[in-house]
Amino acid sequence: MIKKDFIKSVTELLKSNAKVLTFVRIPNSGNNRNYFFLENSYELNELIDKSNESYSITVFKTINELNHGLVTQDFIKNVTDSQIKDSFETELLIINNTYEEYQKNGYTEWNVVENINELKEVLIDTINKKITILSEPDFCNEQNMFHLYVPDKYGKSKPGASY
């Protein structure tokens, strides 16, 4: 997708959603995968403007959010009880950061859990922090995402020298 179309599509999506799940992959970086939520078109434009050439930005059109809020002992009990009852049918993604924190820190904190024990461990480690728990998005479903490789100054995406 070209930059102009990407911005237009994500801006339209933001008009009907309070936030959109965003995944940024930074090539040739040790900490190269970042999840966070964008909440407005200003953040979207700033993300693109501050990203280096060839960064990969994916915005998901829909997500399956299971829970969000401040992690407390009651929150942990409610979440783990519901997961025991419903059982794990997919991996869960736990996001700890906002776009603002991504820009401030240059990375995000997030986890993927595959079972109830991992879920409890991550929740205990994030006590007193705000998190969002969702089913891990399907990266094979291209119909559910907008994707952009940030172009260079000539408008070219993924130039050969970037990899």
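Reading the values: rules and limits
Residues numbered from 1 in each chain as written. Predicted model: local features only at pLDDT ≥ 70, side-chain atom pairs only at ≥ 80, totals over all residues. Heavy atoms only, no water. Pairing = 2+ DSSP bridges. Helix = DSSP H or I, 4+ residues; strand = E, 2+ residues; numbered from the N terminus. Axes fitted to C-alpha atoms, helices over the stretch in contact; angles between N-to-C directions. Contact = heavy atoms within 4.5 Å. Phe/Tyr/Trp six-rings, centres within 6.5 Å; stacked < 30°, edge-to-face > 60°. Buried < 20%, exposed > 50% of the residue type's maximum accessible area, 1.4 Å probe, protein only. Lys NZ or Arg CZ within 6 Å of the ring centre and 35° of its normal. Core = buried A, V, L, I, M, F, W, Y, C linked by side-chain atoms within 4.5 Å.

Regarding the sheet that holds strand E7 (residues 130-135)
Thought 1: If you walk across this open sheet you meet the four strands as E4-E7-E5-E6, and the pairing is antiparallel. Each of the sheet's edge strands pairs with one partner strand only, and the pair in question is strand E4 (65-70) and strand E6 (110-113). Along the sheet, successive strands turn relative to each other by an average axial angle of 15°, direction set aside.
Thought 2: Of the strand pairs in this sheet, strand E5 (residues 92-95) and E6 are connected by four bridges, and their pairing is antiparallel. Looking at E6, one finds that Leu 92 is bridged to Val 113.
Thought 3: The strands touched by helix H5 (residues 116-125) are E5, E6 and E7; relative to E6, the strand with the most contacts, the crossing angle is about 160°.

Some points on the packing of aromatic side chains
When we look at a pair of aromatic rings, we describe it by the centre distance and by the angle of the planes.
Thought 1: If you walk through the whole model with that rule in mind, you get seven aromatic pairs.
Thought 2: When the centroid spacing of 5.3 Å and the interplanar angle of 80° are considered together, the rings of Phe 60 and Phe 139 count as edge-to-face. One end of the pair, Phe 60, is in strand E3 (residues 56-60); the other, Phe 139, is in the loop between E7 and strand E8 (145-149), and 79 residues separate them in sequence.
Thought 3: With a relative accessible area of 34%, Phe 139 lands in the partly exposed category.
Thought 4: An aromatic cluster is defined as three or more aromatic residues linked by ring pairs; in this entry it consists of Phe 23, Tyr 35, Phe 60, Trp 110 and Phe 139.
Thought 5: The ring of Phe 37 carries the charged tip of Lys 19 above its face, separated from the ring centre by 4.3 Å.

Side note on the nonpolar core
Thought 1: One finds Phe 6, Val 24, Leu 47 and Tyr 102 to be the most contacted residues of the largest nonpolar core, which totals 20 residues.
Thought 2: Of all the secondary structure elements, the ones that give two or more residues to this core are helix H1 (3-16), strand E1 (20-25), strand E2 (33-38), helix H2 (41-50), E3, helix H4 (99-105) and E8.
Thought 3: Among the elements that take part in this core, H1 stands out by supplying four residues, more than any other.
Thought 4: Discounting chain neighbours no more than four positions away, the residues touching Phe 6 are Met 1, Leu 44, Ile 48, Ile 57, Val 59, Phe 146, His 147 and Leu 148.

Points about the pairing of E7
Thought 1: Taken across its six residues, E7 has five buried, putting it largely inside the fold.
Thought 2: Relative to E7, E4 is paired through five bridges, and the arrangement is antiparallel. Bridged to Asn 67 within E7 is Ile 133.
Thought 3: Relative to E7, E5 runs antiparallel, the two sharing four bridges.

A word on the pairing of E2
Thought 1: The element E2 is largely enclosed, with a buried count of five among its six residues.
Thought 2: Pairing geometry for E1 and E2, over six bridges, is antiparallel. Within E2, the position partnered with Arg 25 by the bridge is Arg 33.

Any functional reading would require information that these geometric values do not contain.
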